Amino acid sequence: MACSSIAKLLCNSSSRILCWRSGIHSNRSGIQGFRCIKSHIQKRCFVSSSSPLLEIERDPSNQEIVIMRMNNGPVNALDGQFIQVLADGIKNVEADESCRGLILTSALPKVFSAGLDLTYLYESSHQEVKAYFTEFQNLCAAIFNSRLFTLAAVNGHAPAGGCVLTLPVEYRMMREGDFTIGLTEVPLNLAVMKWIGLFLSYITGPMTAERLLLTGKLLKPEQALNVGLIDQVVNGDELLPKSINIATQCLLVPDYSRRVTKARLREDTLAAFVNNMDLFSTQFA
């Protein structure tokens, strides 16, 4: 597909994610909130990922916490297949009521995720590009609206889409060192999709989010901490143990009240996310 065709598609097309408002009623949850999914998920036993692109395991010290390591070398580029693998992995964990926490990290030593696979986009058809952005938005919405406690253990570089992948979680911990994180779209002459701004504003506040998006700067871990993009910076060897400790502490409260309160607090932002999706507002110059 020609670059000009993709540019026209991204600029002039729009769509809406398949969303529905559901009430989940059970003795454990009673949660009512937005759910962005493609199908009903039946409760089943938790199983590890069958894909080599994603390593999934329970924490040996706390079986309620699941560690998910991205392994799409060399840089965890978010191509269509990998996005689907991530979405399926999260759905599997969500479907097991014995799982209460999810830590997302990378199996690669210096890269969390390099973001969207632009080569894949340029080589894809109209329908493939449309499906790609729909799946990425579905993935981010599912993480944001998850019943699980979610934490991103950022163990390396996280530019652009890699940074976006950290926005829907509840807590972001980053490894100290010569690594960067940030949203670099504007300097590349790409207009940022509004839903990304909504998620960033939820974390940092609107004015800080605006500055981060309009400058498009990549931030060192301490800089990201100072603006609220990251919650904690730790030594590399301590990243996973401290992530597990944070998850454990956050799960000490009763599951029902935590889940219901989280759903209520995030409901307005999720509603704005659904109402302001513009799948192809990104502009490729």
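See above for the structure.
Residues numbered from 1 in each chain as written. Predicted model: local features only at pLDDT ≥ 70, side-chain atom pairs only at ≥ 80, totals over all residues. Heavy atoms only, no water.

*Asks:* Just checking my understanding: could you explain the overall build of the protein for this structure?
*Replies:* Assigned secondary structure in the protein consists of 10 helices and 12 strands. For the protein, the residues scored as buried account for 53% of the 285 residues in total. A separation threshold of at least 6 residues defines the contact pool for the protein, and within that pool the share at least 24 residues apart is 73%. As displayed, the protein has an accessible area near 12600 Å², and 53% of this comes from carbon and sulfur atoms. (Helix = DSSP H or I, 4+ residues; strand = E, 2+ residues; numbered from the N terminus. Buried < 20%, exposed > 50% of the residue type's maximum accessible area, 1.4 Å probe, protein only. Contact = heavy atoms within 4.5 Å. Areas by Shrake-Rupley, 256 points an atom, 1.4 Å probe, with all protein chains shown as cover.)

*Asks:* Help me understand the nonpolar core, please; the structure alone is not making it clear to me.
*Replies:* Soluble globular proteins tend to pack their nonpolar side chains together in the buried interior. Of all hydrophobic cores here, the largest spans 58 residues; its most connected members are Met68, Leu86, Leu165 and Trp195. For this core, the leading source of residues is helix α4 (residues 126–144), giving nine residues. Once residues within four sequence positions are removed from consideration, Leu86 is found in contact with Leu54, Met68, Met70, Leu78, Leu104, Leu139 and Leu165. Of all hydrophobic cores here, the second largest spans 14 residues; its members include Ile103, Met173, Ala247 and Leu251. (Core = buried A, V, L, I, M, F, W, Y, C linked by side-chain atoms within 4.5 Å.)

*Asks:* Quick question: what am I supposed to make of the packing of α4 against helix α6 (residues 194–204) here?
*Replies:* When two helices pack together, their arrangement is captured by the angle between the axes and the distance separating the axes. Running from amino to carboxyl end, α4 crosses α6 at an angle of 25°, the nearest separation of the two axes being 12 Å. The pairing of α4 with α6 is recorded here as roughly parallel in orientation. α6 is crossed by α4, and the crossing has left-handed handedness. Two secondary-structure elements touch here, α4 through Phe136, Gln137, Cys140 and Phe144 and α6 through Trp195, Phe199 and Tyr202. Residues of the contact of α4 with α6, tallied by class, amount to six nonpolar, one polar and no charged. (Axes fitted to C-alpha atoms, helices over the stretch in contact; angles between N-to-C directions. Parallel < 35°, antiparallel > 145°, perpendicular 65-115°, else oblique. Left-handed = near helix turned anticlockwise from the far one by under 90°. Nonpolar A, V, L, I, M, F, W, Y, C, P; charged D, E, K, R; others polar.)

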